[in-house]
Amino acid sequence: MTYSRKTRATAAQSLARFICDLSYAQIPADAVRRCRELLLDQLGCQLIGASVPWNQPVYRFVKSTKNGGPARIVKYADQVPTDDAVLVNGTFAQGCELDDYYDQGGGHPGAATVPVILALSQQQTVSGQELITAMVAGYEAGWRIGRALLPELMRRGYHAQSTVGVFIAAAAAGKILRLDPEQMTHALAIAGSHSGGTMEYDQSGGEVKRLHNGMACCGGLRSALLAQIGLTGPPTIFEGERGILRVMSGNSNVEPIVKNLDAGNEDLALYHAAMKRFPVNASQHSPIELLDSLVREHNIEPRQVMKTTVELNEGILLHGGTIYQPKEVIEAQFSLRFSLALRFLTGNNDLQHYLDPAMWSDPAMLEIGRKIDLLADPTATGPRRFACRMTILLLDGCEMSGSLAAPKGSYKNPLAPGELQDKFYRLGRTVLDDERLASIVAAVERIENATNVAALSTLMTAA
C-alpha cells in the first residue's frame with residue numbers, strides 16, 4: 001500500500017500513526033497511576049464475570065471445542081489458543097455490568113484492552129510499561145471513534161461495545177504486536193469488518209449481550225494478527241462512502257478521531273474513563289446516585305411518593321427505560337425503573353437483588369416503577385451525557401428536586417483508593433482467597449516495573 005505525499009492521510013492512517021508512535025515515556029505519571037487503577041478494576045470485573053452463570057455457556061463452548069495453547073482462562077486455568085482465551089475472558093470482562101466506561105462517546109475500554117494484552121503476554125514477553133502503553137492506545141482509539149459515531153449509532157440500535165470495542169482491542173493488540181503504521185492501518189481497517197451488534201437485548205432480553213465484548217476482543221485481536229501477516233483492509237474504513245461512520249451514523253465526520261491526535265495531548269482518553277459502583281448499565285449511575293442523595297437528605301419513605309420524574313439523555317430512554325418488569329438478569333440490570341425501585345425499597349443496588357427473580361415481580365417494586373416518569377433532557381449530551389435531573393413529588397404535595405452532572409467514579413470525581421480496593425476484593429472473593437487477591441493488588445501497584453506481566457494471568461486462576 002503506497003500513497004503519494006500529496007495524498008491526505010485517512011483517519012485510520014492518522015490513528016495508526018499515533019498508536020505506533022506512542023511511547024511509555026510520553027505518558028504522564030498521573031495517567032500511569034490512573035491506568036493502574038483501571039487495570040485493577042478490570043481484573044476484579046473478570047473474576048466476578050467468571051463466577052456468574054450466564055457467562056458459562058461461552059466458557060463451556062471453548063472448553064468443549066478447544067484445548068492446548070498458550071493462554072489461560074480466568075478462574076479455570078484451561079490453556080487454549082490466544083483468540084479463544086480472549087473470547088472467554090473478554091466475555092467475563094464485561095459480563096457483570098461492573099466494568100469501566102467512557103464519559104463521552106460509548107464503549108468499555110478496560111474490558112476490550114486488558115483481556116487482549118494479558119492473552120498476548122502469554123505468547124510473547126510483555127513488560128509492564130508495554131501493557132500501560134497498549135492500554136492508553138486502546139482507550140484513545142475507542143474514545144475517539146465512539147465520539148464520531150454517537151449518539152446516532154445508538155439511535156440506529158447498534159451496541160457501542162460491539163461496534164467500538166473491536167477497534168479498542170485491535171489498537172491494544174497491534175501495539176503489543178509492535179505493528180508498523182501500515183500494518184496498524186490494516187488492523188483497524190480489518191476490525192471494521194468485525195464491527196457491529198445490535199441492542200435488541202435491551203428491548204426483549206437475551207443474554208447474548210454478555211458475549212459482545214468477547215466477540216470484540218476476539219475480532220480485534222484477529223484483526224491485528226491478520227494484519228501482521230499481510231491481510232489488507234480499506235484505509236478509508238471510517239470516512240469512506242461505505243465506511244462505518246456513514247453506515248452506522250449517517251455522516252463521515254472524522255474530526256473527533258483525528259483532532260489533537262498527539263501523544264502530548266493533556267486530555268488523554270484515559271481521563272475520560274469512569275469506574276462503576278453498581279452492577280448496571282452506565283446510564284443508570286447518575287439517577288441511582290441522585291435518588292440516593294435525595295432520599296437520604298429528606299428522609300423519604302417509598303409510601304410517601306406519588307411520582308418520581310427523571311430527566312436524562314434521550315438515548316438512555318431507549319437503552320434502559322423500556323423495561324418495566326424484568327424477566328431475566330440482563331433485563332433487571334438494564335431497567336432504570338427496577339434500579340430506582342431497588343434503591344427506594346432496599347436502600348442499595350447490590351448484585352444479589354438483580355439476581356433474584358422474586359424481586360423482578362415483587363408487587364411493591366412494580367408499584368414504584370409505575371410511579372417513575374422518564375423524560376428526555378436535551379442538554380444531557382456530549383460531556384453532560386450522563387447528567388440527570390430528578391423531582392420527587394410526595395402525596396402531601398411537597399417536591400424535592402436535584403441534579404447531578406456525572407456520577408462518582410470519573411477521573412475528576414474518582415473512587416477513593418479504599419473504595420477501589422474494596423470493590424476489587426468484593427468481586428474477587430467470588431473466585432479467589434484474600435491472599436491471592438492481595439498478590440494481584442501488589443502486582444498491579446508496581447506493574448510499570450514488571451519485565452513480564454504474564455504472571456498476572458496465573459494469579460487470576462484458582463488452580
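This part takes up the overall build of the protein. Helix and strand content of the protein: 23 helices and eight strands. Taking 2.2 N^0.38 as the reference for a compact globule, 463 residues should give roughly 23 Å; the C-alpha atoms of the protein span a radius of gyration of 22 Å, in line with that estimate. The C-alpha extent of the protein, read off along each of the three principal axes, is 70 × 55 × 40 Å. Across the 463 residues that make up the protein, the buried fraction comes to 59%. Expressed as a percentage of contacts within the protein between residues at least 6 apart in sequence, the contacts between residues at least 24 apart total 77%. Of the accessible surface of the protein, which amounts to about 17,700 Å², a share of 51% is contributed by carbon and sulfur atoms.

Right, let's get into the confidence of the model for the protein. With 98% of its residues at a pLDDT of 70 or more, the protein shows a mean pLDDT of 93. This model gives residues 1–6 a pLDDT under 50, and the stretch forms six contacts once residues within four places in sequence are excluded.

Next up on the list: the packing of aromatic side chains. A complete count under the given rule lists eight aromatic pairs for this structure. An angle of 80° between the planes, with centres 5.3 Å apart, marks the rings of Tyr 101 and Phe 386 as edge-to-face. In this pair, Tyr 101 sits in strand 3 (residues 101–102) while Phe 386 sits in the loop between strand 6 (372–376) and strand 7 (388–394), placing the two residues 285 residues apart along the sequence. Residue Tyr 101 shares its accessibility class with Phe 386, and that shared class is buried. Here the aromatic rings of Tyr 201 and Phe 334 are separated by 5.4 Å at their centres, their planes lie at 80°, and the arrangement is edge-to-face. Of this pair, Tyr 201 sits in helix 10 (residues 201–204) while Phe 334 sits in helix 16 (residues 329–334), and the two are 133 residues apart along the sequence. Here Tyr 201 matches Phe 334 in class, with each residue buried. By the ring-pair criterion, three or more aromatic residues cluster together here, those being Tyr 59, Tyr 76 and Phe 92. A cation over a ring is seen here: Arg 147 above Trp 143, with NZ or CZ 3.6 Å from the ring centre.

A word on a nonpolar patch on the surface. Together, Leu 226, Ile 229 and Leu 231 make up an exposed nonpolar region whose accessible area comes to about 290 Å². Relative to the helices and strands, Ile 229 is located in the loop between helix 11 (209–228) and helix 12 (244–249).

Under the counting rule described, the total for this entry stands at 31 salt bridges. Between Arg 178 and Glu 130 there is a salt bridge; the shortest N-O distance is 2.6 Å. With Arg 178 in the loop between helix 8 (160–176) and helix 9 (181–191) and Glu 130 in helix 6 (residues 128–149), this pair connects stretches of sequence that are 48 residues apart. Accessibility expressed as a relative area gives 52% for Arg 178, which makes it exposed. Arg 389 is paired through a salt bridge with Asp 377; the nearest N and O atoms lie 3.5 Å apart. With Arg 389 in strand 7 and Asp 377 in the loop between strand 6 and strand 7, this residue pair connects regions lying 12 residues apart in the sequence. Through salt bridges with shared partners, a single network forms among Glu 97, Glu 207, Lys 209, Arg 210 and Lys 276.

What follows concerns the sheet that holds strand 6. Here we have four strands laid out as an open sheet, ordered 6-5-7-8, and mixed in their pairing. Both edges of this open sheet fall to strand 6 and strand 8 (399–404), since each of them pairs with a single strand only. Taken over all neighbouring pairs, the strand axes of this sheet differ in orientation by 15° on average, direction set aside. Pairing of strand 7 with strand 8, which is carried by six bridges, proceeds in the antiparallel orientation. Paired with Cys 388 across the bridge in strand 8 is Leu 404.

Criteria and thresholds
Residues numbered from 1 in each chain as written. Predicted model: local features only at pLDDT ≥ 70, side-chain atom pairs only at ≥ 80, totals over all residues. Heavy atoms only, no water. Helix = DSSP H or I, 4+ residues; strand = E, 2+ residues; numbered from the N terminus. Rg over C-alpha atoms; globule rule 2.2 N^0.38 Å. Buried < 20%, exposed > 50% of the residue type's maximum accessible area, 1.4 Å probe, protein only. Contact = heavy atoms within 4.5 Å. Areas by Shrake-Rupley, 256 points an atom, 1.4 Å probe, with all protein chains shown as cover. pLDDT = per-residue confidence, 0-100. Phe/Tyr/Trp six-rings, centres within 6.5 Å; stacked < 30°, edge-to-face > 60°. Lys NZ or Arg CZ within 6 Å of the ring centre and 35° of its normal. Patch = residues over 30% accessible without salt bridge, like charges linked within 9 Å, V, L, I, M, F, W, Y side chains within 5 Å. Salt bridge = Lys/Arg side-chain N within 4 Å of Asp/Glu carboxyl O. Pairing = 2+ DSSP bridges. Axes fitted to C-alpha atoms, helices over the stretch in contact; angles between N-to-C directions.

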